[in-house]
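Structural characterization, general
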Amino acid sequence: MKIMVVGGGGREHAIIKKLKENPTVTEIFALPGNGGIARDAVCVNIGATDTEGIVNFAAENGIDYAVVAPDDPLVLGCVDELQKKGIPCFGPEKKAAIIEGSKVFSKNLMKKYGIPTAAYEVFDNAENALEYLKTAPIPTVIKADGLALGKGVIIANTTEEAEDAVRSIMEDKKFGKSGDSIVIEEFLTGPEVSVLSFTDGKTVVPMVSSMDHKRAGDDDTGLNTGGMGTVAPNPYYTEEVAEECMNKIFLPTVNAMNKEGRTFKGCLYFGLMLTEDGPKVIEYNCRFGDPETQVVLPLLESDLLTVMQSVTNGTLGNTEVKFSKKSACCVVMASEGYPVSYKKGFEISIPEVLQNQVYVAGAELKDGKLLTSGGRVLGATAVDDTLEKAVSAAYKAVENIRFDNAYYRRDIGKRALNAVKEAN
Ligand code: AMP
Ligand code: GLY
């Protein structure tokens, strides 16, 4: 089987490594991939949002199965175009990807179907939003409607901050058309949990839960990033919470999408907050999370390609999806200065014994050398019997990976380990 994976980050590297375990897979192409992915797949210099280029490549190269991983090609309708050429795909169609592509859509969906989420108001002009803020409770959360490279959510601790956020999104168009509408919502508190799930529109199979670490600095300080590390499972996500989420959030969401004529097939990601009033949805993503995938897929014991194909074929209900009872930790090594500005072009050295547990995100190959080329450079994952062992093994790997200007958080897993201790 010839497989094509659209995307080029650590998440795609983790997907590719897992797909390679299937003996029927003969070739994997990554569009565009990256310098580290090049060890595991043939990288083709076609960008993830070049839908026409992707479709032509797939048709010309006899691709048997395609996985579209990032949000932007999904929201643009890459899966729809591949399907028109008869290429089976993993990933939602455009009309279902809107669950991530428009926060106004997803909030209205939750309201209509009684799915627990933060209370909110929608605005399509700055004047009304600013008027509303005069009496809105503080802190408040401002969200640009559309995709904004993970930067479209602003938690405002004062009314002035909230007003600045509204002006920068709606008047200065900081995120372009993504800010034509905004959501202003209630600020929630509680532990956050990421739950990725497989769904074929009929059955929902949640994967092992995980915990992201979004802020750049230790103890959750500093700017928001794409994610500086993850652990799985998330100790706050007990069996009781899982059952409540299945009944009140996961199944109702999949059913709601069906009722709207927007059947979702692929990986539906639930970003949850466990509040005092129960679990609530913070966000939906129409795809695997990054760096959640780097801890979730290493714990998948079933064959990933088989599971993905069952999602495509609508036979997920008859397919075994088994996860290991072990724990995993991924520590992201970034370029110092990320997410603002950073130097790149430094040579990366990864010991051969660690290659199978490293997922490369921002690196390119030049004259046979692997050089840093992005903010998040790579993630080192370790799987072990306990979370404590997994965390320490991931950090041991990090100590043996070198590049100039490397930066990483020292406390990935700390909060989760404290929660495990409290529970015992
Ligand atoms: P997102 O870009 O949607 O993942 O949001 C980024 C982060 O903002 C989330 O991981 C939460 O930590 C935080 N956040 C989003 N919405 C809320 C909310 N209503 N209350 C509190 N925190 C929130
Ligand atoms: N790690 C959060 C996301 O993938 O959106």
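Structure first, text after, so check above.
This is a predicted model, so every value here is computed, not measured.

Parameters and conventions
- As a convention, each chain's residues are numbered from 1 in the sequence order in which they are written.
- Each chain gets a letter, beginning with A, and each ligand a number, beginning with 1, in the order they are written.
- Only residues with pLDDT of at least 70 are given local features in this predicted model, and only at 80 or more are side-chain atom pairs given and counted; all residues enter the totals for whole chains, interfaces and linings.
- For the side-chain quantities, the full set of heavy atoms in the structure was used; hydrogens and water were omitted.
- Nonpolar cores are built from buried Ala, Val, Leu, Ile, Met, Phe, Trp, Tyr and Cys residues. Side-chain atoms within 4.5 Å join them into one set.
- The buried label applies to any residue whose accessible area, calculated with a 1.4 Å probe on protein chains only, is under 20% of its type's maximum; exposed applies above 50%, and partly exposed to all values in between.
- Helix and strand definitions follow DSSP, with helices as H or I runs of at least four residues and strands as E runs of at least two, each counted in order from the N terminus.
- Should any heavy atoms of two residues lie within 4.5 Å, those residues are counted as being in contact.
- The criterion for strand pairing is that DSSP finds at least two bridges linking the strands in question.
- Any residue with a heavy atom positioned within 4 Å of a molecule or strand is treated as near that molecule or strand.
- Every accessible area reported is derived by Shrake-Rupley at a probe size of 1.4 Å, with residue values counting cover from the shown protein chains alone.
- Note on residue classes: Ala, Val, Leu, Ile, Met, Phe, Trp, Tyr, Cys and Pro are nonpolar, Asp, Glu, Lys and Arg are charged, and everything else, Gly too, is polar.

Details of the nonpolar core
Counting residues in hydrophobic clusters, the biggest one holds 46 residues, and the most contacted among them are Met4, Leu82, Ile99, Phe250 and Leu272. The element that contributes the greatest number of residues to this core is helix H9 (residues 239–259), accounting for seven residues. In this view, Met4 contacts Phe29, Leu31, Ile54, Phe57, Ala58, Ile63, Tyr65, Ala66, Val67 and Leu82; residues no more than four positions away in its chain are not counted. In this structure, Val5, Leu300, Val321 and Cys330 belong to the second largest nonpolar core, which totals 38 residues.

Examining the pairing of strand E16 (residues 266–275)
Counting buried residues in E16 gives ten out of ten residues, a clear majority hidden from the surface. Relative to E16, strand E10 (residues 192–199) runs antiparallel, the two sharing eight bridges. Bridge pairing links Ser194 to Gly271 in E16. Bridge count for E16 against strand E17 (residues 278–285) is seven bridges, and the pairing is antiparallel. Note on E17: the bridge partner recorded for Tyr269 is Asn285. Between the end of E16 and the start of E17, which pair antiparallel, lie two residues.

Topic: the site of ligand 1
Around ligand 1, the surrounding shell holds 14 residues, and the nearest of these are Glu185, Glu186, Leu188, Glu192 and Glu283. If ligand 1 stood free it would expose 480 Å²; the protein chains cover 90% of that surface. Elements with a minimum of two residues in the shell around ligand 1: strand E7 (140–144), strand E8 (153–156), strand E9 (182–186) and E17. Among the residues forming the shell around ligand 1, the class breakdown is eight nonpolar, no polar and six charged.

Notes on unusual backbone geometry
Peptide bonds are mostly trans, and most non-glycine residues show a negative phi. That bond from Leu31 to Pro32 is cis: its omega, 0°, falls within 30 degrees of zero. With respect to the helices, strands and loops of the structure, Pro32 is situated in strand E2 (residues 27–32). Residue Pro339 follows Tyr338 across a cis peptide bond; omega there is 10°. Note that Pro339 resides in the loop between strand E18 (327–335) and strand E19 (358–360). Of note, Lys173 is a non-glycine position whose phi angle comes to about 55°, a positive value. Topologically, Lys173 is positioned in the loop between helix H8 (159–171) and E9. With a phi angle near 70°, Asn405 is a residue other than glycine that sits in the positive phi range. Looking at the element boundaries, Asn405 is found in the loop between helix H12 (387–399) and strand E23 (406–407). Overall, Asn405 belongs to the partly exposed group, its relative accessible area being 28%.

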